[in-house]
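# Observations on the model geometry
What follows is each chain in one-letter form.
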Amino acid sequence: MHIGRYVKDLYSTRAIAFVLLLANIGLVLALMANGLYRRVEILHVVPASVSQEYLVTSDGNVSDEYRRQIALTLLPFVTNVTPRSVEFGHTVLLRYVAPEQYGMMSEGLGAERIYIVGNNLNRVFFPDATEIVGDDVIISGLERRFSGSILVAEEEREYHLTLRFKDFRPEVVGISSQHRDRARAGKSAVQSGRPETDRRG
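All values derive from a computational prediction rather than experimental measurement. (Residues numbered from 1 in each chain as written. Predicted model: local features only at pLDDT ≥ 70, side-chain atom pairs only at ≥ 80, totals over all residues. Heavy atoms only, no water.)

### Observations regarding the environment of F125
- Tracing the backbone shows F125 in strand β1 (residues 121-133).
- A relative accessible area of 4% means that F125 is categorised as buried.
- Residues F125 and E156 lie 31 residues apart in sequence; the distance between their C-alpha atoms is 9.3 Å.
- Excluding residues within four positions of it along the chain, F125 makes contact with L75, T79, N80, I139, S140, G141, L142, E143, R157 and Y159. (Helix = DSSP H or I, 4+ residues; strand = E, 2+ residues; numbered from the N terminus. Buried < 20%, exposed > 50% of the residue type's maximum accessible area, 1.4 Å probe, protein only. Contact = heavy atoms within 4.5 Å.)

### Observations regarding helix α4 (residues 86-94)
- What α4 keeps buried is the set V86, G89, H90, V92, L93 and L94.
- Turning to α4, the residues buried within the fold contact α2 (64-74), α3 (76-79), α5 (102-118) and β4 (169-179).

### What about the packing of α4 against α5?
- The contact between α4 and α5 brings their axes to 10 Å, and the two run at 170 degrees. Taken together, the axes of α4 and α5 are roughly antiparallel relative to one another. Contacts from V86, E87, H90, L93 and L94 of α4 reach α5 at Y102, M105, S106, L109, E112, R113, I116 and V117.
- Residues belonging to the contact of α4 with α5 are distributed by class as follows: eight nonpolar, two polar and three charged. (Axes fitted to C-alpha atoms, helices over the stretch in contact; angles between N-to-C directions. Parallel < 35°, antiparallel > 145°, perpendicular 65-115°, else oblique. Nonpolar A, V, L, I, M, F, W, Y, C, P; charged D, E, K, R; others polar.)

### Points about the sheet that holds β1
- Pairing is antiparallel in the open sheet, where four strands are placed in the order β1-β2-β3-β4. Each edge of the sheet is formed by a strand with only one pairing partner; in this case those strands are β1 and β4. When the angles between neighbouring strand axes are averaged without regard to direction, this sheet yields 25 degrees. (Pairing = 2+ DSSP bridges.)

### Here we look at the environment of R68
- Within the secondary structure, R68 is located in helix α2.
- For the pair R68 and I138, spaced 70 residues apart in sequence, the C-alpha to C-alpha distance is 8.8 Å.
- In this view, R68 contacts T130, I132 and V137; residues no more than four positions away in its chain are not counted.

### Looking at the pairing of strand β2 (residues 136-147)
- For β2, the tally of buried residues reaches nine of twelve residues, placing the bulk of the element in the interior.
- Here β1 pairs with β2 via twelve bridges, running antiparallel. If you follow V133 over to β2, its bridge partner there is D136.
- Between β1 and β2, which follow one another and run antiparallel, lie two residues, and G134 among them has a positive phi close to 65 degrees.
- By the bridge criterion, twelve bridges tie β2 to strand β3 (residues 150-166) in an arrangement that is antiparallel. Looking at β3, one finds that D136 is bridged to T162.
- Counted between consecutive antiparallel strands, the loop separating β2 from β3 contains two residues, among which G148 sits at a positive phi close to 70 degrees.

### Here we look at unusual backbone geometry
- The backbone of N120 sits at a positive phi, close to 50 degrees, despite the residue not being glycine.
- For N120, the position within the fold is in the loop between α5 and β1.

### A word on the pattern of salt bridges
- For the structure shown, the criterion picks out ten salt bridges.
- For E65, the salt bridge goes to R68, with nearest N and O atoms at 3.0 Å. Of this pair, E65 and R68 both sit in helix α2, separated by three residues, roughly a single helical turn.
- When the shortest N-O distance is used, the salt bridge between E100 and R164 registers 2.7 Å. Here the residue E100 occupies a position in the loop between α4 and α5, and R164 occupies one in strand β3, the gap between them amounting to 64 residues. (Salt bridge = Lys/Arg side-chain N within 4 Å of Asp/Glu carboxyl O.)

Quick look at the structure:
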């Protein structure tokens, strides 16, 4: 009589273990299928230096702090270059360029690369101020240019990066630079009603 009860309990324990085994196998297969067939990939680009809280949403809304930090992360790939590093820096930046701007920016950076290598130019930029105007991040600072080891130019410059954000990913829509004095003169001209000065650096 007792043996029959034990046998019955044994079968019921085996049945429960078998059901749990099937459930585990099903869960593993579902997780594998989800990983293999998942089409949406979320990429969150973290700035090189995070000093304050920032906000990023999938629909492209970002806080000014995130916009500022992303611009400060991407800008050195263009501003701090040597004949040996310029190709690498430009290649990295082009990964973040908006698709519709890729051809034009690639051509412009290619011409700059030829100029830098041909003149043995080393350039370094020390940012000291940032300003956000709409989608533009304006970064001001001191730029020094060397031919080999000889300092050939030192000037205050302003870099304008136009950024947009799509599915958490930053995209560079435009980049330009100009001497800081020209930038100030342009702002004065706009405020006084005169046409803005040429923005080309």
